[in-house]
Amino acid sequence: MKKITKLILSSAFFFSCLTSAHDYNSGQLHIDHPWSKQVPPSSSVAAAFFEISNKGNENDTLIRAESPIAGKTELHAHIHEDGMMKMREVEEIVVPANGSKNLKPGSYHIMFFDLQNTPKLGERFPLTLHFAKAGRIEVEVTVEPATYQPKGPENNDNKHHSHH
């Protein structure tokens, strides 16, 4: 009986790892684990984060994003202005050639306004990313606990991009 229980538990763990890891490839771009922090049911805003890797020899640019969960979706960055960090809409997010751009809390991210429905913990929702070269990439964003920290290097931003 113990062997069966161990087999069931290890199988459940294996399949939960498979379902929680999700990434997307389109042309030279790789998008790793799009996620959003869980927000209160009354919230009208949310944000999405992920890493974009560019294996190509030319920069590509994220120019727009959209999701049916929001009335409005914007590309955002935190910028240092007048001695304070402020969140601002940006027109584009450049992903450097042979490099990456990490969209993460306190940095670049996708902002959702006027939520049509608030995604719940563990759910996924669609997000369409529009790139200048790679075109349209459909991804699913997983809602993680508010305390979620992605695994991997603390600051995996490629140093070849310009700072605002």
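It should be noted that the structure appears before, not after, this text.
Every chain begins its residue count from 1, and numbering advances along the sequence as written. In view of the model being predicted, local features appear only for residues whose pLDDT reaches at least 70, and side-chain atom pairs are presented and counted only at 80 or more, with totals across whole chains, interfaces and linings using the full set of residues. For side-chain calculations, the full set of non-hydrogen atoms in the structure is used, while hydrogens and water are omitted.

This brings us to the nonpolar core. Judged by nonpolar contacts, the single largest core of 30 residues is most densely connected at Ile-31, Ile-110, Phe-112, Leu-127, Leu-129 and Phe-131. Strands are runs of DSSP state E lasting at least 2 residues, helices are runs of H or I lasting at least 4, and numbering of each runs from the N terminus. Counting residues per element, the ones that place at least two in this core are β2 (29–37), β3 (45–54), β4 (60–66), β5 (70–81), β7 (93–95), β9 (109–115), β10 (124–131) and β11 (135–144). Contacts are assigned to residue pairs that have any heavy atoms within 4.5 Å of one another. With residues up to four places along the chain from it excluded, the contact list for Ile-110 reads Ala-46, Ala-47, Ala-48, Phe-50, Leu-62, Ala-65, Thr-73, Glu-74, Leu-75, Leu-103 and Leu-127. To form a nonpolar core, buried Ala, Val, Leu, Ile, Met, Phe, Trp, Tyr and Cys residues must be joined to one another through side-chain atoms within 4.5 Å. Note on classification: 1.4 Å probe, protein chains only; a residue is buried when its accessible area is under 20% of the maximum for its type, exposed when over 50%, partly exposed between these limits.

Turning to the side chain of Thr-128, a few remarks are in order. The residue Thr-128 is located in strand β10 in this model. What makes Thr-128 buried here is its relative accessible area of 7%. We define a polar contact as two N or O atoms separated by no more than 3.5 Å, with the added condition that, inside protein, one atom must be a possible hydrogen donor and the other a possible acceptor, whereas residues neighbouring each other in sequence contribute only through side-chain atom pairs. In terms of polar contacts, Thr-128 uses its side chain to reach the side chain of Glu-138, at 3.0 Å.

Moving on, we get to the pattern of salt bridges. For salt bridges, the criterion is a side-chain nitrogen of Lys or Arg within 4 Å of an Asp or Glu carboxyl oxygen. In the structure shown here, the tally under the stated rule is 8 salt bridges. Among the ionic pairs, Glu-66 bridges to Arg-64, the shortest N-O distance being 2.8 Å. In this structure Arg-64 comes out as partly exposed when scored by relative accessible area, which is 42%. Each of the salt bridges in this network shares a partner with another, and the network as a whole consists of Glu-81, Asp-82, Lys-86 and Arg-88.

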